[in-house]
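Structure assessment
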Amino acid sequence: MKVLISGYYGFENCGDDAVLECIIAGFRKIGINDITVLSNSPDETKNNYGVNAVYRNSFKKVLNAIKNTDVLISGGGSLIQDKTSSRSLWYYLAIIAFALIFRKKVFIIGQGIGPIEHKYNRWLTAVILRRINRITVRDEDSKLFLEKLNIKKNVVLAADPVVNLDSYDDDHLKDILAKEDINCEKYMVICTREWENTELSRVELAKAIDKISEEYGYKVVFLPFYYKKDEEESEKVANYLKTPYKIIRGKYDPKEILGIIKNSNLLIGVRLHSLIFALVAIVPFIGISYDPKIDGFLKSVGMKAFKIDKFSSDELVNYAEYILEHKEEIVKNLNEHLQKLKTLADNNFKVFDEYLDNEVQK
């Protein structure tokens, strides 16, 4: 069986790369190895994952890939939303629509759905998604959003595929830490990203980092998830710091990034997948939310959400003190939620496998 995977791949975004890695691993686990990925960097995707890859912005190549596949997977991330842009939403819906036109099986796997603000976009999304074979969503809010679009049939609650990501062994991690000159035992990781309400939030975040670092003796390590792009934002926040800091400059794969987080004592993250990585690593974390998808994730694991345009440094420091003083309890809570999410993540591929078995039996 041939599978074609569509998503935000090949853009040097660690979170999306991790999603792709876990989706590929999930399909290989159920015996599907003929996999093609729509990618912005097809050669790199081929080399990194051992799959076929097609340039995602070539209409002819994408159309041929759809024609030649058996199943289209719209996989992971937050693809079906218009917060980024309507054009982004239309791109992913068009891929699905062409697959339906060519009578291919279509599955959405492990996605966060919404928000979709524009009335026409909501109508178009509903028309197309009602024709899909199966949809697995990574959170309850996405399931509720689909219900509002009157899409209830064939929707299953799952989890982000990244909860199944593994890190490399300790020796490999030690080499990375040495390369980046992170040789201390205690450090905190900061994963930021650009946002609209810039300077005030940067100042407050920097104040919080300074206070936490001083109180607990943590070295400060900025870890960009979106290669180069997040580096710039890290530098802007770091400009307000009094504490010495380190910005990770090397380009690392998701398992290596997970290892860096796993070795830390605390993570403060603005990017969703930095928080998911912290959960997988069972490292206490503080989430700063710029999007409902982050609110949904933090709620699902019993952690507090700080709004990106409203938080103060004192609030972050107080919460850091709470979770570090109750670390044993927090770690136990995170581990329990991780195991639940891992079980739910199995639905991403179980639903697919069961559907195909039923089709064979017909």
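Before going into details, it helps to say that this report is about the structure given with it. From a predicted model like this one, the values you see are computed outputs, not experimental measurements.

A few points about the side chain of aspartate 16
- Mapped onto the secondary structure, aspartate 16 falls in helix H1 (residues 14–29).
- For the buried residue aspartate 16, which engages in no salt bridge, the nearest side chain bearing the opposite charge is arginine 271, 6.8 Å off.
- Setting aside chain neighbours within four positions, we find aspartate 16 in contact with Tyr8, Tyr9 and Gly77.

A short note on helix H10 (residues 254–262)
- Counting buried positions along H10 gives seven out of nine residues, so the element sits mostly inside the fold.
- All of the buried residues in H10 are Pro254, Glu256, Ile257, Leu258, Gly259, Ile260 and Ile261.
- Of the surrounding elements, those touching the buried residues of H10 are H1, helix H7 (170–179), strand E8 (187–191), strand E11 (266–269) and helix H11 (272–281).
- You can read the cap of H10 off the contacts: a side-chain oxygen lies 3.1 Å from the backbone nitrogen of lysine 255, and it is on aspartate 253.

What about the pattern of salt bridges?
- Counted under the stated rule, the structure contains 17 salt bridges.
- Salt-bridge contacts for glutamate 12 lead to lysine 251; the nearest nitrogen and oxygen are separated by 2.6 Å. In this pair, glutamate 12 is assigned in the loop between strand E1 (2–6) and H1 and lysine 251 in the loop between strand E10 (245–247) and H10, connecting sequence segments 239 residues apart.
- According to the relative accessible area criterion, glutamate 12 is partly exposed, its value standing at 29%.
- Judged by its relative accessible area of 41%, lysine 251 is partly exposed.
- Among the salt bridges present, the one from lysine 207 reaches glutamate 204, with a minimum N-O distance of 3.6 Å.

Rules behind the numbers
- Residues numbered from 1 in each chain as written.
- Predicted model: local features only at pLDDT ≥ 70, side-chain atom pairs only at ≥ 80, totals over all residues.
- Heavy atoms only, no water.
- Helix = DSSP H or I, 4+ residues; strand = E, 2+ residues; numbered from the N terminus.
- Buried < 20%, exposed > 50% of the residue type's maximum accessible area, 1.4 Å probe, protein only.
- Lys, Arg positive; Asp, Glu negative; His and termini not counted.
- Salt bridge = Lys/Arg side-chain N within 4 Å of Asp/Glu carboxyl O.
- Contact = heavy atoms within 4.5 Å.
- Polar contact = N/O pair within 3.5 Å; in protein donor to acceptor, adjacent residues only side chain to side chain.

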